[in-house]
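This is what each chain is made of:
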Amino acid sequence: MRYRKLIVCLLLCALVGLLAFRFTGGQEDRVRIALVLKTTVETAEFWGEVLDGVDSAVEELGVEVTVTGSDSESAVDQQIAVMEEVIATRPDAIILVASDYDRLVDVTREAVAAGIDVITMDSDVNTDVRTTFVASDNYEIGRSLGAQLLENLDSGPVAILPHSSYSSSGIQRVEGALDALAECPDVEVVGVYDCENSRDNAAAIARDLLEQHPDLRGFVCANEVCNLAVAQVLTEQGLGGQLTVVGCDNSRQQIQYLEQGVIQSIIIQQPFNMGYAAVEQAVRVVRGQSVPAFTEIPCVTITQDNMYNSDNQKLLFPF
């Protein structure tokens with residue numbers, strides 16, 4: 001009888017301990033993730049929506065995510081230094097938005113060698129040691145941008161403005177756009193102009209192009225920053241709607257320019273889903289579950305003709 005009472009007492013103690021552990025949040029087992037962005041400076045609404053998705057995943061999955069990054073997307077050396085600092089803290093996983101496709105390779109390998117799982121998001125690194133890449137298909141985004149431009153014009157000079165010439169997202173979107181535009185021999189690409197994800201730089205490039213090429217017919221803008229800068233310059237010069245402008249992302253200003261006919265189409269990447277999926281995949285990796293090498297976040301093309309569809313309204317205004 002005494003032994004039975006002792007066993008019951010031990011079981012009750014174990015249950016109390018388990019409940020105490022559970023209600024204190026299970027800190028010992030909580031997955032620790034470091035999110036290393038290209039920059040912590042808010043350059044676009046896109047990244048705010050990505051972080052909303054990250055926050056939602058943190059709340060639902062009960063993980064810990066710290067966010068860091070460099071001062072600008074072009075500060076590649078600083079992002080490498082940030083990665084070194086993060087590796088020293090030994091998180092369970094790192095979600096990396098690589099500012100440079102090639103130069104972040106060595107530090108990514110260093111993280112993996114230290115036993116830290118690396119998941120890339122939005123912009124990849126040129127190595128297969130990272131576990132999965134969570135992003136839209138950037139090459140297909142570029143092809144879609146080029147195809148949308150050709151939906152609105154069939155000849156004349158056009159320009160391509162990427163946000164970066166050394167991140168995988170910028171590189172692949174340009175490749176896709178060039179391939180799509182090459183299918184129409186009467187469309188001439190006057191050049192590819194990297195604005196280094198600066199709205200001021202993109203606006204200056206747009207003004208110079210309009211002065212140097214008064215017959216310019218259109219712009220392919222690889223992200224929100226480029227798209228808004230071009231739309232702003234065309235509006236200021238009274239050229240809104242006279243040139244074809246296609247872009248990526250769906251900030252409130254982009255939607256307004258789309259409604260006004262200054263922008264003809266935008267490609268939506270669903271950034272909230274991207275942020276959520278990156279954290280979700282990181283947790284799976286840490287817990288030993290298998291994940292695909294590429295976790296694709298689907299894109300949708302929005303034009304004036306379909307922007308008021310109920311499904312597209314949910315994508316344009318996700319909150």
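Preceding this section is the structure that the text describes.
Just so it is clear, the structure is predicted and the values come from calculations on it, not from any experiment.

Asker: For this particular structure, what's the right way to read helix H7 (residues 199-212)?
Answerer: Each α-helix winds once per 3.6 residues, and so residues spaced three or four apart point in a common direction. Here H7 is 14 residues long and its end C-alpha atoms lie 20 Å apart, about the 20 Å a rise of 1.5 Å per residue gives. For H7, the set of buried residues is Ala202, Ala203, Ile205, Ala206, Leu209 and Leu210. Along H7, the residues classed as buried sweep out an arc of 160 degrees about the axis, all on the same side. Across H7 from its buried face, at more than 90 degrees, point the exposed residues Asp200, Glu211 and Gln212. Packing partners of the buried residues in H7 comprise strand E6 (156-161), strand E7 (187-192), strand E8 (218-221) and helix H8 (224-236). With a side-chain oxygen positioned 3.4 Å from the backbone nitrogen of Asp200, the residue opening H7 is Ser198.

Asker: Honestly, the sheet that holds strand E2 (residues 64-70) in this entry has me stumped. Any pointers?
Answerer: In sheet architecture, strand pairing relies on hydrogen bonds along the backbone and comes in two forms, parallel and antiparallel. Reading across from one edge, E2-E1-E3-E4-E5-E11 is the order of the six strands in this open sheet, with parallel pairing throughout. Edge positions in the open sheet fall to E2 and strand E11 (294-296), since each of these has one partner strand only. Looking at each pair of strands side by side, their axes are set apart by 20 degrees on average, direction ignored. Taken together, the four bridges between strand E1 (residues 32-39) and strand E3 (residues 93-96) define a ladder with parallel strand orientation. Within E3, the position partnered with Ile33 by the bridge is Ala93.

What counts, and at which threshold
- Residues numbered from 1 in each chain as written.
- Predicted model: local features only at pLDDT ≥ 70, side-chain atom pairs only at ≥ 80, totals over all residues.
- Heavy atoms only, no water.
- Helix = DSSP H or I, 4+ residues; strand = E, 2+ residues; numbered from the N terminus.
- Expected span 1.5 Å × (residues − 1).
- Buried < 20%, exposed > 50% of the residue type's maximum accessible area, 1.4 Å probe, protein only.
- Arc of directions from axis to C-beta.
- Contact = heavy atoms within 4.5 Å.
- Polar contact = N/O pair within 3.5 Å; in protein donor to acceptor, adjacent residues only side chain to side chain.
- Pairing = 2+ DSSP bridges.
- Axes fitted to C-alpha atoms, helices over the stretch in contact; angles between N-to-C directions.

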